[in-house]
Amino acid sequence: MTVKQILDSKSVTISFEIFPPKKQDNFDNVVNAAKNLSSLKPDFMSITYGAGGTTKVNTVEIASKIQSFNVPALAHLTCVGNTLDSVKSVILQMKEAGIENVLALRGDKPRDWDDSSMGKNFTSEGLEHASQLVAILKEAGFCVGGACYPEGHPESANREEDIDNLKYKVDAGVDWLTTQMFFDNNMLYSYLYRLQSKGIRVPVLAGIMPITNSSQVSRMVKLSSAYVPAKLLSFCDKFADKPAAMFQAGIDYATDQIIDLISNGVRGIHIYTMNKSDIATAIMKNIDAIVEASSR
């Protein structure tokens, strides 16, 4: 089943995201995590795309495993680390695995990339932007999603430029968008209004990252440039050395975000699980009746 079909048929959707193993000997652990998460019956699950080596292959293989657990899979694919030929090869693998859904991404600049000595072009010719990848995937018959940034992409000059660039992606055929993590719902509501004013009307799924470890905050902010409200910073500081309390506070904060989003008409919630089934289980326990009531 495609993500578009799911979004068209349900009032509220809940989806999970996992990532492939960095080391091959952790492959079974990730598959087990996917199996545990699938038991919570999400509407679909996505698997991120490895930065290099065998993790690229693992993305397709784990996506296939997810589908064997009776959950639609969404495989990520990036411009970074690929050429046109390698994209065609991955597309063939996805087709053979029965994968229908792909999230098209440019991908992050490699960590060891130095613009001064290596130049600014860290993608392959013909794959400089996600919009180009979207067009290729649509032509191949996939249901295609894209990423968006409520607080602006870190490399964009300003938020207006960021939305203008997003419009290229949508016009290329994106079926829906998933946001980068955010911790203040007002950031999303303002962003959705700006998207509407630019004529972007595809479904937007809200990306929620539960913070259950205080060390996550600085790392996530660095990755997403997200604004961190004082309330979140306070409990991270208060419970930094109290794991059980920190876990509960993080789950409650994410739960409050989700309840507020659903109450205000956001129809898609995408949870960044970090491969932790206990996190997803705790959140689903908190919101199951709310999701059910909103689906009537």
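Calculation criteria
- Residues numbered from 1 in each chain as written.
- Predicted model: local features only at pLDDT ≥ 70, side-chain atom pairs only at ≥ 80, totals over all residues.
- Heavy atoms only, no water.
- Salt bridge = Lys/Arg side-chain N within 4 Å of Asp/Glu carboxyl O.
- Helix = DSSP H or I, 4+ residues; strand = E, 2+ residues; numbered from the N terminus.
- Buried < 20%, exposed > 50% of the residue type's maximum accessible area, 1.4 Å probe, protein only.
- Pairing = 2+ DSSP bridges.
- Phe/Tyr/Trp six-rings, centres within 6.5 Å; stacked < 30°, edge-to-face > 60°.
- Lys NZ or Arg CZ within 6 Å of the ring centre and 35° of its normal.
- Axes fitted to C-alpha atoms, helices over the stretch in contact; angles between N-to-C directions.
- Parallel < 35°, antiparallel > 145°, perpendicular 65-115°, else oblique.
- Left-handed = near helix turned anticlockwise from the far one by under 90°.
- Contact = heavy atoms within 4.5 Å.
- Expected span 1.5 Å × (residues − 1).
- Arc of directions from axis to C-beta.
- pLDDT = per-residue confidence, 0-100.

**A word on the pattern of salt bridges**
Overall, the coordinates contain eight salt bridges when judged by the stated rule. When the shortest N-O distance is used, the salt bridge between Asp-8 and Lys-4 registers 3.0 Å. Within this pair, Asp-8 and its partner Lys-4 are both found in helix 1 (residues 3–9), separated by four residues, close to a single helical turn. The exposure class assigned to Lys-4 is partly exposed, which follows from its relative accessible area of 38%. The partner of Lys-198 in a salt bridge is Glu-160, with the nearest N and O atoms 3.5 Å apart. Of this pair, Lys-198 sits in the loop between helix 8 (185–197) and strand 7 (204–208) while Glu-160 sits in helix 7 (residues 159–171), and the two are 38 residues apart along the sequence. For Glu-160, a relative accessible area of 40% gives the class partly exposed.

**With respect to the pairing of strand 8 (residues 268–272)**
Most of strand 8 sits inside the fold, with five of its five residues counted as buried. Residues Gly-268, His-270 and Tyr-272 line one face of strand 8 and the alternating positions Ile-269 and Ile-271 line the opposite face, and both faces are buried. The pairing of strand 1 (residues 13–18) with strand 8 spans five bridges and is parallel. For Phe-16, the partnering residue across the bridge sits in strand 8 and is Ile-271.

**Some thoughts on the packing of aromatic side chains**
What characterises a pair of aromatic rings is the spacing of the ring centres plus the angle enclosed by the ring planes. Tallied over the full model, the rule gives one aromatic pair. Between Phe-235 and Tyr-253, the ring centres sit 5.9 Å apart and the planes meet at 55 degrees, which makes this aromatic pair tilted. One end of the pair, Phe-235, is in helix 10 (residues 230–238); the other, Tyr-253, is in helix 11 (residues 243–263), and 18 residues separate them in sequence. For the residue pair Phe-235 and Tyr-253, the accessibility class agrees, reading buried in each case. Over the ring of Phe-142 we find Lys-95, and its NZ or CZ is 4.7 Å from the ring centre.

**What to know about the packing of helix 4 (residues 84–96) against helix 6 (residues 130–139)**
The interhelical angle for the contact between helix 4 and helix 6, taken along N-to-C directions, is 40 degrees, at an axis separation of 11 Å. Taken as axis vectors, helix 4 and helix 6 run oblique relative to one another. Here the hand of the crossing between helix 4 and helix 6 comes out right-handed. The residues of helix 6 that touch helix 4, namely those facing Leu-84, Val-87 and Ile-91, are Leu-133, Ile-136 and Leu-137.

**As for helix 4**
The first and last C-alpha atoms of helix 4 sit 19 Å apart over 13 residues, in line with the 18 Å expected at 1.5 Å per residue. Buried within helix 4 we find Val-87, Val-90, Ile-91 and Met-94. In a view along the axis of helix 4, the buried residues occupy a sector of 105 degrees, so they form one face of it. When the buried face of helix 4 is taken as reference, the exposed residues oriented beyond 90 degrees from it are Asp-85, Lys-88 and Glu-96. After helix 4 finishes, the residue Gly-98 shows a positive phi value of roughly 75 degrees.

**Quick word on the confidence of the model for the chain**
Low pLDDT means the predicted coordinates in that region are not meant to be read closely. Residues with a pLDDT of 70 or more make up 89% of the chain, whose mean pLDDT is 89. Ignoring residues within four places in sequence, the model shows residues 113–119, a span with pLDDT below 50, making nine contacts including any to other chains.

**Let's talk about helix 2 (residues 27–38)**
Spanning 12 residues, helix 2 covers 17 Å between terminal C-alpha atoms, matching the ideal 16 Å at 1.5 Å per step. Residues of helix 2 that are buried include every one of Phe-27, Val-30, Val-31, Ala-33, Ala-34, Leu-37 and Ser-38, and no others. Taken around the axis of helix 2, the buried residues stretch over an arc of 160 degrees, which confines them to a single face. Seen from the buried face of helix 2, the exposed residues on the opposite side, beyond 90 degrees, are Asp-28 and Asn-29.

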